[in-house]
Structure formats: structure tokens, C-alpha cells
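Chain by chain, the residues:
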Amino acid sequence: MSLEAIKYTRGELHILDQLKLPHESVYVDIKTSKDGYLAILNMVVRGAPAIAIVAALSLAVQLEGIKNTLGEHSRESIQKYIEGELDYLNGSRPTAVNLSDAVGKLKGAVAVEASRDGSTTESIVEVYLEKAEHMLLQDVADNKSIGAHGSEWLLKVYAGKPKISVLTHCNTGSLATAGYGTALGIIRSLWASNSLLHAYCTETRPYNQGSRLTAYELVHERIPATLITDSMAASVMQLKGVEAVVVGADRVVRNGDTANKIGTYQLAILARYHGVKFVVAAPTTSIDIATPSGKDIVIEQRAWYEVVKVSGPRVNGVESGRLSVDLNQITTVHTAAHDIGIYNPSFDVTPAELIDAIVTEKGVAVKDENGNFQLDILFS
């Protein structure tokens, strides 16, 4: 059973605190848009689809909480209030296109209702709530479609092999989405059809989403998997045998260039050298048709200190082949020389020429005879 990272009923939102994983499973209450903003900014929740859902639902909870005061608002003022809160939430993670896409759709739904004859402040808020709740349900359905399309494509490419091995980067599973996952959804689908030999996940420095989150999901679902450091990827491709690298995306632009977690670009280069298929898995909400190429993507720069500190429970020793840890003693250590310069981009951009397929809920996009992706057809 997939993990449930987002628990929502009307008026209540609880999200799994990803900063405490894998050692503790703690849910955080989100009651306001500010709570949602800070959860996204501080990476309590991360993953482009999940960010958009949490942002939308955090405002939904806030609006549910002020229903008794809607009589104090006009249609115009409640529309302006909702739009202002959405703009605020949109500033939490600038690279993830899903968030801006969700904001645009929610604004549009509110604007249509606000301009309708006979609409009220209550009906405007209700339209917002229904739209945000629909996004939650739709994301899960889209992820399952991505998993099915991606696994089917890979099995056709490797039709002579009964099972294949896959390497993935960062976290793209239930913890990064409303449920099931994108790239990890493909791995889940392969496993469900008895077509997965083995999965490899990178630790994904500097935030260790792979070791903390993806490994947690793989163990939870008992999928055969091995954790590797980011620097071991070439060795694994050379010595272990990997048929595909499957990653998610924070933004795919019109020509197919893809912004994803830092380290994705180098995996694409390694995959090309070793003859391994490189697959991007993302819902169409992650595709930014308005941006021509990766040169136009703004890359978020994270705080320098994230690179040189690591936190976790104190290790007491080894017992029965496992590390014994004390969850009451959380320690943060500094790992580098003081005064060293630090570069910490959150994402890099993989050029389209290194990508073999882009898998969406609508199907698999591959290049035409000229070597170009035609992503516009996904929206026609």
C-alpha cells in the first residue's frame, strides 16, 4: 500500500513531515496559507506535484475557517483576497511549474464564478474548495496513468528481457505527489507486473531525498532496491546493469529541456554513454509550453549551509546488522572546512537531446524524425 503523505478532509489538512523521515512518521497540521507557505519553503513537503496540492489545500482550509465571516466581504473583495493569498503561496518555490499552474487554474475558476450573475461570496469560496479538492483526486489518477504508460513503454523497448533494472534520483513517489508517484510510479508499475528486477536510488545530496524518502518508500512496499551515493551511478551502470534511468521533473519546457533535482543532468550524460534509456516522468501540469528552452528557466539557489550540515538521530552502535539510534537525541553536524565557498543550486537542466522519452498521464512523448519533442500535441 502506498504511503499517504497528504491527509485531507474539508477543513483539515495534515501532511507527513518529510524532514523527520525515515526515522519518525509525524504529521503536521496545516491550518492557513502561511502554514502551507512555510511547509513548502522549509521542505517539510517537497516534490512539484505535492507542493501545488498542499498550497491549494492550505488556502482551502483557511477559507473553510472564515466561512462564518464571509458576510463581511463583497464578491470583489473575496476574489481579491483569494488571489492575494495564491500569489503569496506562489512565491514559496519559483522553479516548480505545477504550483504556478495550479495558482492560475484556481484564479481562473474563482474569476469565472465571481463574474457570474447571482454568485455570492459563499459560492465563490465553494468553487475554490471544489477546484482544490479536485486537484488532489486528479493528481493520484494522473500518477497511476504515468506509471502504466512508462512501464509499458520500457517493456516494449526491452521486449527481449523478462525483467529490467531501473535507477532513480531524488524522490518522486507518494511523498512527492498526492499519491503513487511519477518516476517511482513507473517503478511501482513494473514491480506490480513482475517486470522489475531491481531498483537503485541515489542518496541525492545535499538534502538526501533519495536516502531519506525514496529508500523509505521502497522498503515500505518491499520493492527490491539498493541505495547508492550519487557518485556511484556510473559504476552501477557499468557493473550492475541498468536498463533505464527514470526521473521526475519540476519543469519541462517546450523543447523538452527539463529542470529537475540537482544531479539529474549528470545522470543523463552517464546514461547516454552507457546506452541506458533516460526517461522523464511528469504530469502535463509540469510542462511549461510558454517557455521555449531550458536557458529561460530560473534556477532556485538554496541556502549555503544545507551543503555542509547533516542532521539525524545519534547512533549508539550496531545491533543485529542494523544501526541502533536514539530518536531523543537529534544531532546536527558540520561536515566541511569553515570559510570554503559553497554552490547550492536546487535544480539543474537536462537538455532534451539527452532525454529518450517524456512520460505523462496522456501517454509517452518521444522525438520525431528530426530529433525534436513535439510537446504541444499533448495540449491540443
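Model, not experiment: these values are computed from the prediction.

The buried fraction of strand 10 (residues 277–281) is high, at four of five residues. As judged from the four bridges shared by strand 7 (residues 244–247) and strand 10, these two strands associate in the parallel manner. Bridge pairing in strand 10 places Val 246 opposite Val 279. In this sheet, strand 15 (residues 357–360) lies alongside strand 10 in parallel orientation, the contact comprising three bridges. Bridge pairing in strand 15 links Val 279 to Ala 357.

Taken together, the seven strands give an open sheet; going across it, the order is 6-5-4-7-10-15-16, and neighbouring strands pair in mixed fashion. Since the sheet does not close on itself, it has two edges, and those belong to strand 6 (225–228) and strand 16 (363–365), each with one partner. Pairs of neighbouring strands in the sheet enclose a mean axial angle of 25 degrees, with direction left out of account. Sheet topology note: the strand 15/strand 16 ladder contains three bridges and is antiparallel. The partner of Val 359 across the bridge, within strand 16, is Val 364. Sheet strands touched by helix 6 (residues 183–192): strand 4 (164–168), strand 5 (196–202), strand 7, strand 10 and strand 15. Its angle to strand 4, the strand with the most contacts, is close to 160 degrees. Against the sheet, helix 7 (residues 209–220) makes contact with strand 4, strand 5 and strand 6, and its axis sits at roughly 160 degrees relative to strand 5, the strand it touches most.

Once that is clear, we can look at the packing of aromatic side chains. Enumeration according to the criterion identifies two aromatic pairs in this entry. On the numbers, 4.4 Å between centres and 15 degrees between planes, the contact of Tyr 37 with Tyr 88 is stacked. A residue pair is termed long-range when its members are at least 10 positions apart, and Tyr 37 in helix 1 (residues 33–41) and Tyr 88 in helix 3 (residues 75–90) qualify at 51 residues. Aromatic side chains Trp 304 and Tyr 305 sit 5.7 Å apart centroid to centroid with 80 degrees between the ring planes, which places their arrangement in the edge-to-face category. With a relative accessible area of 52%, Trp 304 lands in the exposed category. Here the guanidinium or amino end of Arg 188 rests over the ring plane of Tyr 180, the centre of that ring lying 5.9 Å away. Here the guanidinium or amino end of Lys 261 rests over the ring plane of Phe 347, the centre of that ring lying 5.1 Å away.

For helix 4 (residues 97–114), which comprises 18 residues, the first-to-last C-alpha distance of 26 Å matches the rise-based estimate of 26 Å (1.5 Å per residue) to within 8%. By the burial criterion, the buried members of helix 4 are Val 97, Asn 98, Leu 99, Ala 102, Val 103, Leu 106, Ala 109, Val 110, Glu 113 and Ala 114. Contact partners of the buried residues in helix 4: helix 2 (48–65), helix 3, helix 5 (121–157), strand 8 (251–253) and strand 11 (287–288).

Moving on to unusual backbone geometry. The step from Leu 21 to Pro 22 runs through a cis peptide bond, and the omega angle for that step is 10 degrees. With respect to the element layout, Pro 22 can be found in the loop between strand 2 (12–16) and strand 3 (27–29). Cis geometry is adopted by the peptide bond preceding Pro 206, which originates at Arg 205 and carries an omega value of 5 degrees. Residue position: Pro 206 is located in the loop between strand 5 and helix 7. Phi is positive for Met 43, close to 65 degrees, though the residue is something other than glycine. Tracing the backbone through its elements, the reader meets Met 43 in the loop between helix 1 and helix 2. Although it is not a glycine, Thr 204 sits at a positive phi angle of roughly 65 degrees. Tracing the backbone through its elements, the reader meets Thr 204 in the loop between strand 5 and helix 7.

To continue, consider the environment of Gly 256. Take Gly 256: it is sitting in the loop between strand 8 and strand 9 (258–261). Spatially, the C-alpha atom of Gly 256 lies 26 Å from that of Ala 55, the residues being 201 residues apart in sequence.

Mapped onto the fold, Thr 360 is located in strand 15. The class of Thr 360 is buried, set by a relative accessible area of 0%. Once residues within four sequence positions are removed from consideration, Thr 360 is found in contact with Ile 146, His 149, Ala 282, Thr 284, Ile 287 and Leu 378.

Our next topic: the pattern of salt bridges. For the structure shown, the criterion picks out 15 salt bridges. Ionic pairing is found between Glu 133 and Arg 10, a salt bridge with its closest N-O pair at 2.9 Å. With Glu 133 in helix 5 and Arg 10 in the loop between strand 1 (6–9) and strand 2, this pair connects stretches of sequence that are 123 residues apart. The buried category is assigned to Glu 133, whose relative accessible area is 17%. In this structure, the salt-bridge partner of Arg 251 is Asp 288, at a minimum N-O distance of 2.7 Å. Pair noted here: Arg 251 is in strand 8 and Asp 288 is in strand 11, with a separation of 37 residues, a long-range link. The residues Arg 251 and Asp 288 share a single accessibility class, namely buried. Ionic contacts of the salt-bridge type, sharing partners, join the residues Arg 10, Glu 64, Lys 67, Glu 126 and Glu 133 into one network.

Rules and cut-offs
- Residues numbered from 1 in each chain as written.
- Predicted model: local features only at pLDDT ≥ 70, side-chain atom pairs only at ≥ 80, totals over all residues.
- Heavy atoms only, no water.
- Buried < 20%, exposed > 50% of the residue type's maximum accessible area, 1.4 Å probe, protein only.
- Helix = DSSP H or I, 4+ residues; strand = E, 2+ residues; numbered from the N terminus.
- Pairing = 2+ DSSP bridges.
- Axes fitted to C-alpha atoms, helices over the stretch in contact; angles between N-to-C directions.
- Contact = heavy atoms within 4.5 Å.
- Phe/Tyr/Trp six-rings, centres within 6.5 Å; stacked < 30°, edge-to-face > 60°.
- Lys NZ or Arg CZ within 6 Å of the ring centre and 35° of its normal.
- Expected span 1.5 Å × (residues − 1).
- Salt bridge = Lys/Arg side-chain N within 4 Å of Asp/Glu carboxyl O.

Nothing here speaks to function; it is geometry throughout.
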